[in-house]
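Architecture and fold: a report
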Amino acid sequence: MRWLTLAILLLLASVASAHGSVQERIDDLDRRLATQPDDPELLAERGALYALDEQWAAAVRDYEDALDADPTLPGLEHRLAHAAYQSGDAQRALELSARVLAREPRHADAHLVRARAHLALGHHAEAVADFARSIQLSETPSPRSYRELAKAQAAWGADHVDEALASLRDGMQRLGPLVSLVETAIELEEARDAHAAALALVDLLPPLVKDSPLWRLKRAELLRRAGRLGDSDAALRGALAALDALPQSRQATPAMTDLRQQIQDERKTLDALQREEAAAALDSEKRRFEWPLVAAAALMLALALWYLRSRRSSPPRSA
Amino acid sequence: MQRSLSVPAVVVLLAAAAWPGGCGGDGEETNATNTTSGQGGVGQGGSGGSPPGCGDAVCAPDETCANCEADCGSCACGDGDCDANELCSTCPDDCGACTGDPIVVTRGPYLQRGSSDSVVVRWRTAMPRESVVAWGPSTIALTQVATTMGPTTEHEVSVTGMQPDTKYNYAFGAPDADLVGGDDEHYVVTAPVTGTNKATRFWAIGDAGTADQNQANVRDAYLAYTAARGTDLWLMLGDNAYNSGTDNEYQAAVFDVYPSILNKSVVWATLGNHDGASADSGAQSGPYYDIFTLPTQGEAGGVPSGTEAYYSFDYGQIHFVCLDSYDSDTNPNGDMMTWLQSDLSANALPWLVAFWHHPPYSKGSHDSDSEGGLIDMRQDALPILEAHGVDLVLGGHSHAYERSMYLNGHYGNSGTLDNTMIIDGGDGRASGDGAYTRTMSSVQGAVYVVAGSSGKTSGGSLNHAAMFLSLNELGSVVVDVDGNTMDVSFIDDGGVEQDWFSIVKM
């Protein structure tokens, strides 16, 4: 079962050294490797510990040495591909995962590693294909899989944003309207000023989420950006009411205190916009009323001038 | 009270033979396929009103004896009809004698994903069989039935329509055979209505899965300590089955060790590195994910996470958050932390308890100053949790008991701890320096506990500056929450309360 098989074997092989800090266990393996420098299982085990400790370059070295010593160790090439990717060597990760996939074309994790490597190298089409295949091969894909696919599609170019949104919708269909998926979709819609679509996404969230003060505030911000200031005002009042409805102990937490401040800041932004909007409306109203007055005044003036001129030019009446 | 070995099949069968609704007489077969999981419950109370056409003297497809007695007749056993809530084992008079072979239970039962109105009952059988759970308010009134369609050895039945904070007895098995359980040892108490106060006890064990005498001693010490008080729920803090979390190891280290707790208290698990050796959080595959039924859609409260790798649930006045410190992305912009932000923003409950495997502070067999998994959780999860007023954080990984002072804002290594981060450096005991208190003007502070010695101890320097106490002792953690007080105790393998402290909200 994929590379995990190796992890099991390694851990079973290391009962005696499975405890203690990672560094202690690495030190122990250092000692054992000093006398058995080519033992592939010890090398692979130390590589796994380095990987656990996110020392990716060291993990790559050990996995490579283990693979040199025993190319048949199960799952090792995939782990090496993963470590190579993590160490920043996307090209190597690409080559290794391609080799794994040539042997095991239904290896979902290998597709994932290759997808990430492709993406790092700017191969968007290939990355998208591998992310999608990885999801296809997973019985229970994680929210992260869909986000990675959508982000790769969005990074591919503006022409692929619809595909990215479709991927997120697929994810929501399969996993439910999860916050992380909805949030990513909103970001994509907002980036292309599709405010109505972004607002519709908020409505997909379960009531517990969309009625929370945090998401009421987000809705208010989206409405404001959509130019629906009145609705934004109402949503903002809803956010404050939801916050006030929380127990005092929750309201007093730093996160909620911060949220209250954000609501107040948003209120100021909205008030300023509403004032601007009112001033603009007044201005336009004024212009509407001023025009006839000016025209009438101009007409009166013209009439007066005409009258004066006609009086001056008419001959005096004879006595 | 507790049993140290797995329930052998013979015991299970004897229990079945003693089942009060024993089979006898001939009659028609139980209709086991007309109920869907958790929807077939009928009997006292019921749920929902009568269908619109009830009373027209025709038993329509949407009507049953449970929701329209006028049209469909009585559900009562003995009325001559084998209704959906009756089985050969619970009502042989109506359904006839059980004709199927007795089931051979090889695992469980164990209770999962409990809420105020539902619970999942799981067990394993030697041979594929249909699944049924009969449940009710007492051992002699298992008046409701829930089923899952299709023969399987891995049985998972969702029981719904229960009342909050109510004790139900249950029996389980196949619809055509005598059921197992249905005695005083097989029951579930549903969670109280979210937000209501109920004195709650939960038990936390970490790195327990050694399947040896150490583990058994820790279990026995807890069972003696809690005695008749019982356990409302319990947490497994990871490394639940050594050495690689395989199915066989889970059998030996979990199902064979805790049968008398598993069958009456819902257990909530988090993934440890040893469990993770055979499981994959991304794909939610492997024994850990096969064995546990955890919430993905907020089934027990909280915001849906979409994955069993991390989740939340409510119990009375407590909001629990489980994170995956081993195999999920802990990046602040990643899925888990994005979910966590929204989950905590939606939480209105006064108590917040978080648990995961890799502790943020430890100088036991693992060092939180140098190991990535521990550092990541400290730097990425703690700021979010503390901003939302977390009260207690439980972890394992280091095989010791380490308990912090009342802290806030300590995200660096141990050398960076300063006095501004120590809200209360006392012992937290009412009888000593005083309980840790949280007031409206002082809303921050949490205690961090490493409870990784429920199966073994592995020493270490045990000198983390954040810790009030560090012990290289076997034991487990007991938490009692009632109203505005949380009492936490560490019970060693001899039953001695080696540490205790309280948090009080003024």
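Residues numbered from 1 in each chain as written. Chains lettered and ligands numbered in written order. Predicted model: local features only at pLDDT ≥ 70, side-chain atom pairs only at ≥ 80, totals over all residues. Heavy atoms only, no water.

Before going further, it helps to spend a moment on the environment of histidine 358 of chain B. Residue and element names in this part refer to chain B. Residue position: histidine 358 is located in the loop between strand 12 (351-355) and helix 10 (372-387). With 10 residues separating them along the chain, histidine 358 and serine 368 place their C-alpha atoms 8.7 Å apart. Every residue in contact with histidine 358, bar those within four places of it in the chain, is listed here: Asn273, Ser325, Tyr326, Gly373, Leu374, Met377 and His397. Polar contacts involving the side chain of histidine 358 include one to the side chain of serine 325, which spans 2.6 Å. (Helix = DSSP H or I, 4+ residues; strand = E, 2+ residues; numbered from the N terminus. Contact = heavy atoms within 4.5 Å. Polar contact = N/O pair within 3.5 Å; in protein donor to acceptor, adjacent residues only side chain to side chain.)

A few words on the interface of chain B and chain A. Contacts between chain B and chain A engage 56 residues on the former and 47 residues on the latter. When chain B packs against chain A, close to 3,800 Å² is buried across both sides, 56% of that on carbon and sulfur atoms. Area buried by chain B at its contact with chain A is led by Asn243, Asp335 and Ser345 of chain B, which between them contribute 13% of it. For the pair chain B and chain A, the interface holds one salt bridge. Top contributing element to the side of chain B that touches chain A by residue count: helix 9 (residues 335-345) of chain B, with five residues. Class assignment of the residues belonging to the side of chain B that touches chain A gives a composition of 17 nonpolar, 30 polar and nine charged. (Buried area = accessible area lost by both parts, 1.4 Å probe. Salt bridge = Lys/Arg side-chain N within 4 Å of Asp/Glu carboxyl O. Nonpolar A, V, L, I, M, F, W, Y, C, P; charged D, E, K, R; others polar.)

Turning to the state of the cysteines, a few remarks are in order. All names here are of chain B. Taken as a whole and judged by the stated rule, the model has three disulfides over all chains. Across the disulfide from cysteine 77 sits cysteine 91; the S-S distance is 2.0 Å. Residues cysteine 77 and cysteine 91 share a disulfide whose torsion about the S-S bond is about 95°; that sign makes it right-handed. Remark: cysteine 91 occurs in the loop between helix 2 (69-72) and helix 3 (92-95) and cysteine 77 occurs in the loop between helix 2 and helix 3; sequence separation between them is 14 residues. Covalently, cysteine 88 is tied to cysteine 98 through a disulfide, its sulfur atoms 2.0 Å apart. Measuring the twist about the S-S bond at about 100°, one finds the cysteine 88-cysteine 98 disulfide to be right-handed. With cysteine 88 in the loop between helix 2 and helix 3 and cysteine 98 in the loop between helix 3 and strand 1 (105-112), this pair connects stretches of sequence that are 10 residues apart. (Disulfide = S-S within 2.5 Å.)

Here the focus is the sheet that holds strand 14 (residues 401-404) of chain B. All names here are of chain B. Spatial strand order, 10-11-12-13-18-14-19: seven strands in an open sheet with mixed pairing. A strand with exactly one partner marks an edge of an open sheet, and here the two such strands are strand 10 (311-315) and strand 19 (467-471). If you compare each strand with its neighbour and ignore which way they point, the axes differ by 15° on average. Pairing of strand 13 (residues 392-395) with strand 18 (residues 447-451) involves four bridges; the strand directions are parallel. Across the sheet, leucine 394 pairs through a bridge with valine 449, a residue of strand 18. Along the sheet, helix 9 contacts strand 10, strand 11 (318-322) and strand 12; its crossing angle with strand 11, the most-contacted strand, is approximately 180°. (Pairing = 2+ DSSP bridges. Axes fitted to C-alpha atoms, helices over the stretch in contact; angles between N-to-C directions.)

Residues and elements named next belong to chain B. A residue-level look at chain B finds 90% of positions with pLDDT of 70 or above and a mean pLDDT of 89. Segment residues 1-48 is flagged for pLDDT under 50; beyond a separation of four residues in sequence, or across chains, it makes 106 contacts in the model. What the predictor reports for the complex is a pTM of 0.85 with an ipTM of 0.83. (pLDDT = per-residue confidence, 0-100.)

A complete count under the given rule lists 40 salt bridges over all chains for this structure. Salt-bridge contacts for lysine 363 of chain B lead to aspartate 367 of chain B; the nearest nitrogen and oxygen are separated by 3.1 Å. When its relative accessible area of 13% is taken as the criterion, lysine 363 of chain B is described as buried. Between aspartate 499 of chain B and arginine 429 of chain B there is a salt bridge, and its shortest N-O distance comes to 2.5 Å. Of the two residues, aspartate 499 of chain B sits in strand 22 (residues 497-505) while arginine 429 of chain B sits in the loop between strand 16 (422-424) and strand 17 (436-438), which places them 70 residues apart along the sequence. What makes arginine 429 of chain B buried here is its relative accessible area of 14%. One network of salt bridges, with partners in common, ties together Asp233, Arg237, Arg267 and Asp271 of chain A. (Buried < 20%, exposed > 50% of the residue type's maximum accessible area, 1.4 Å probe, protein only.)

Residue and element names in this part refer to chain B. Evaluation of the coordinates by the stated rule reveals two cavities of 30 Å³ or more. The space that makes up the largest cavity amounts to roughly 100 Å³. At the level of secondary structure, the elements contributing two or more residues to the lining of the largest cavity comprise strand 6 (187-189), strand 9 (266-269) and strand 10. For the lining of the largest cavity, the per-class residue count stands at nine nonpolar, four polar and two charged. Within this model, the second largest cavity holds a volume of roughly 30 Å³. Every residue along the wall of the second largest cavity is listed here: Pro359, Pro360, Tyr361, Val393, Leu394, Gly395, Tyr448, Val449, Val450 and Met467. For the lining of the second largest cavity, the elements supplying multiple residues, two or more each, are strand 13 and strand 18. In terms of residue class, the lining of the second largest cavity is made up of nine nonpolar, one polar and no charged. (1 Å grid on protein atoms, 1.4 Å probe; cavity = no way out; pocket = protein on both sides within 12 Å on 5 of 7 lines; lining within 4 Å. Points joined across faces, edges and corners; volume = space filled by probe spheres on them.)

We now examine the side chain of arginine 124 of chain B. Within the secondary structure layout, arginine 124 of chain B lies in strand 2 (residues 119-136). Other than its neighbours up to four places away in sequence, arginine 124 of chain B contacts Val104, Val105, Thr106, Arg107, Thr153, Glu154, His155 and Asp247 of chain B.

This paragraph deals with the packing of helix 2 (residues 22-35) of chain A against helix 3 (residues 40-52) of chain A. Residues and elements named next belong to chain A. Interaxial distance between helix 2 and helix 3 falls to 10 Å at its minimum, and their mutual angle equals 155°. One way to sum up the angle between helix 2 and helix 3 is to call them roughly antiparallel. Crossing of helix 2 over helix 3 shows left-handed handedness. Of helix 3, the residues touching helix 2 (which contributes Val22, Arg25, Ile26, Leu29, Asp30, Arg32 and Leu33) are Leu42, Leu43, Glu45, Arg46, Leu49, Tyr50 and Leu52. Counted by class, the contact of helix 2 with helix 3 contains nine nonpolar, no polar and five charged residues. (Parallel < 35°, antiparallel > 145°, perpendicular 65-115°, else oblique. Left-handed = near helix turned anticlockwise from the far one by under 90°.)

This paragraph deals with the packing of aromatic side chains. All names here are of chain B. Taken as a whole and judged by the stated rule, the model has 20 aromatic pairs over all chains. Their ring planes at 10° and their centres at 4.7 Å tell us that phenylalanine 313 and phenylalanine 320 sit as a pair that is stacked. Overall, the relative accessible area of 0% leaves phenylalanine 320 in the buried class. Between tyrosine 361 and tyrosine 448, the aromatic rings sit 5.0 Å apart at their centres with planes inclined by 85°, giving edge-to-face as the arrangement. You can see tyrosine 361 sitting in the loop between strand 12 and helix 10 and its partner tyrosine 448 sitting in strand 18, a full 87 residues away along the chain. On the accessibility criterion, tyrosine 448 (3% relative accessible area) is buried. (Phe/Tyr/Trp six-rings, centres within 6.5 Å; stacked < 30°, edge-to-face > 60°.)

Let us look at the sheet that holds strand 21 (residues 485-492) of chain B. Residues and elements named next belong to chain B. The strand order across the open sheet formed by seven strands is 9-8-7-20-21-22-17, and the pairing between neighbours is mixed. Of all strands in the sheet, those bounded by a partner on one side alone are strand 9 and strand 17. Put simply, the sheet's adjacent strands are angled 20° from each other on average, direction ignored. Two strands pair when backbone bridges link them, and strand 7 (residues 200-205) and strand 20 (residues 475-482) are joined in this way by five bridges, in the antiparallel orientation. Directly across from arginine 201, in strand 20, lies its bridge partner aspartate 480.

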